[in-house]
Structure formats: C-alpha cells, structure tokens
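This is what each chain is made of:
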Amino acid sequence: MIKLSAIQLSSSPNVQDNLATIERLMSQLPFAEQHIVVLPECCLFFGGTDRAQLDLAKQDATTNELKTGLSKLAKQYNVTLVAGSIPQYIEQQDKFYNTCCVFSGSGELLTQYHKMHLFDVDVNDSEKQYRESRYTEKGTSAITKTLDSLTLGLSICYDLRFPELYRHLTTLGAQVITVPAAFTKVTGKAHWLPLLQARAIENQVYIVAAGQYGVHDNGRETWGQSVIINPWGEVLSEITQGVGTISADFDLDTLQSVRQAIPVAQHNQFITKIKTL
Ligand SMILES: O=C(O)CNC(=O)[C@H](CS)NC(=O)CCC(=O)C(=O)O
C-alpha cells in the first residue's frame, strides 16, 4: 500500500520555527513502506513581507538552507516529500520562482516545479490586492514524476483555477496530483473544495491538497481545509482548522475502475488523438 499524507501548517516568517513544526508533525504520521507527504505552499516562510521573502531567496542562493532542511526531513522519515513551495532566487531578474521541490526518501531532490499561474488578483479581504508577480517569476513547464509505483503531477495554489494544467498533467500520466496552497480565507470558503473535487473527478486522479491555515504575522488569513480526494471525487480525509496531518491510502484499483467505467480520456474530443489507419 502507498500512503498519501498532507500536513496543514500555519507558517511564520521564521524558517527554523517552521522546520521544527514540520518535524513535529511528521513524527505523528502513520508508518508506511511507501509514503508521499505534501506540505503547503510557502511552507518555510509565510506571512512576512514580500521583500523579506525576496531577501531570504537571495540569501538561500548561497546557503541552500531551505532545500537542505527539507531534504533532511525527507531522509529522516524516509518519505517522498512534496515540499509545497520555497522561493528560488533568479539572479538575472532579482525575483524568485515559487518552487515545489520533491525529495526522495534518501533526501535526493527528484524534481522541481515552478508555479505557472501567479496570483495577481483582487480579493475582498484586508489585503485587497494580491500581486504575486511583483517578486515572483512564473514557471513555464508542467512537471510529472514517476516514482516506483505511481506518477505524480505537480501544481501550486492558484494553478487550481486552470483545468488545462491538470488535464495536461493527466495526459502525461499523473495519477496523483498535489496541490500545496495558501488560499485566501475569502476565496477558499467560496471555491477551494469544489475546485479540488472537480479536478479529481474530471481527471480521475487522487488529489492531495495541503493548505496554510489561520491568521499569519502580516495579518493575512488563509483557509486551510487540507484534503485527500479519490478519483471518484470523494473526500477521504480532511482537516479544516489548526495545524495537523491527514492520511489516506492510494488504491490503483479504484483509479483503474473509475477510468474503466467512465472512459473520459477516450471519449474526449479535445485531446489530440493519434489516428490509427
Ligand atoms: O505570496 C506569498 O507569500 C505566497 N503565495 C501565495 O500566497 C499565493 C500567491 S499571493 N497565493 C495564492 O496563489 C492564493 C490563491 C487563491 O487564494 C485563489 O486562487 O483563490
């Protein structure tokens, strides 16, 4: 059996504190031979100023403390760690990518994905205007990674509103799609769960969504509600408030039987098919 887990956090701008919290929560995870653990967006730094995040990214380009800390945790608990996101500095532009890093159980960086859709959005909350692109550069490639017995597809937060990415990941073979997030309280309440269920149902994949939760140091409020959803769209495990962990089993039979019963990939008129004569 392959275990899927998500960790819900309420991250601060203190990297060491966040690492300690993640460690404490990882120690509470159930044991599994094969285990995929997902952390939220901005797991090691959240709720500071955008400028402070850029400074951290810049500093990390020399120290590499962010990836080192996460790699150690993956190794310590021998899990595939989908480390939500960290800022990755781009010197030429003095900006960073919002990057999801995947570590193996031996602590090796397997792959990374730079968030493709940036949250330049007006929200009716205390923040009012989110302009992620001011300090963040958007990624240009969708990323999947085949592990021993399943294929992972990567996405981050606002990406969730772009079904084309999820369809693309699925056509590349994704069976489990991870969604680290820091959804706003306002948009999360209105849209988070239905969007996640739609992505799971239309692509017939497992969704593992790990959210930031609560009121952060800069007053920003995030929605939480980390969930694991199966290819039928059922919520298998959920944590609404606070910090904590959730887990569920990945079952290939469920995935295959849903895809057999409702063969949307074959019926789809908008996916380019290779015509056989
Ligand atoms: O800026 C940072 O420090 C970290 N990044 C985030 O919190 C990002 C960009 S501001 N948040 C989202 O994408 C929320 C999406 C969302 O809430 C929605 O789609 O409704």
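Our structure's up above, just so we're on the same page.
What you see is a predicted model; the values in this text were computed from it and never measured.

Asks: Sorry if this is basic, but what is going on with the pattern of salt bridges here?
Replies: Once their charged atoms are close, side chains differing in charge can pair, the charge on each being opposite to the other. One pass over the structure, following the stated rule, counts seven salt bridges. Asp-122 is the partner of Arg-131 in a salt bridge, and the nearest nitrogen-oxygen pair spans 2.7 Å. Assessed through its relative accessible area of 36%, Arg-131 is described here as partly exposed. Taken together, the shared-partner salt bridges in this structure form one network comprising Glu-41, Lys-115 and Glu-132.

Asks: What am I meant to see in unusual backbone geometry here?
Replies: In most cases, non-glycine residues show a negative phi, while peptide bonds are predominantly trans. Its identity is not glycine, yet Cys-42 carries a phi of approximately 55°, on the positive side. Structurally, Cys-42 is set in the loop between strand S2 (34-38) and helix H2 (50-63). Residues other than glycine seldom take positive phi values, yet Gln-204 does so here, at roughly 55°. Examined against the element boundaries, Gln-204 turns out to sit in the loop between helix H5 (185-203) and strand S12 (206-211). Looking at Gln-204, the relative accessible area reads 5%, which means it is buried.

Reading the values: rules and limits
- Each chain carries its own residue numbering, running from 1 in the direction its sequence is written.
- For this predicted model, a pLDDT threshold of at least 70 governs which residues receive local features, and a threshold of 80 or more governs which side-chain atom pairs are given and counted, while totals over whole chains, interfaces and linings are taken from all residues.
- The basis for every side-chain value is the complete set of non-hydrogen atoms in the structure, without hydrogens or water.
- Here a salt bridge means any side-chain nitrogen of Lys or Arg lying within 4 Å of a carboxyl oxygen belonging to Asp or Glu.
- For each residue, the accessible area found with a 1.4 Å probe, counting protein chains only, is set against the maximum for its type, and the residue is called buried under 20%, exposed over 50%, and partly exposed in between.
- In this description a helix means any DSSP run of H or I spanning at least four residues, a strand means any run of E spanning at least two, and both kinds are numbered starting from the N terminus.

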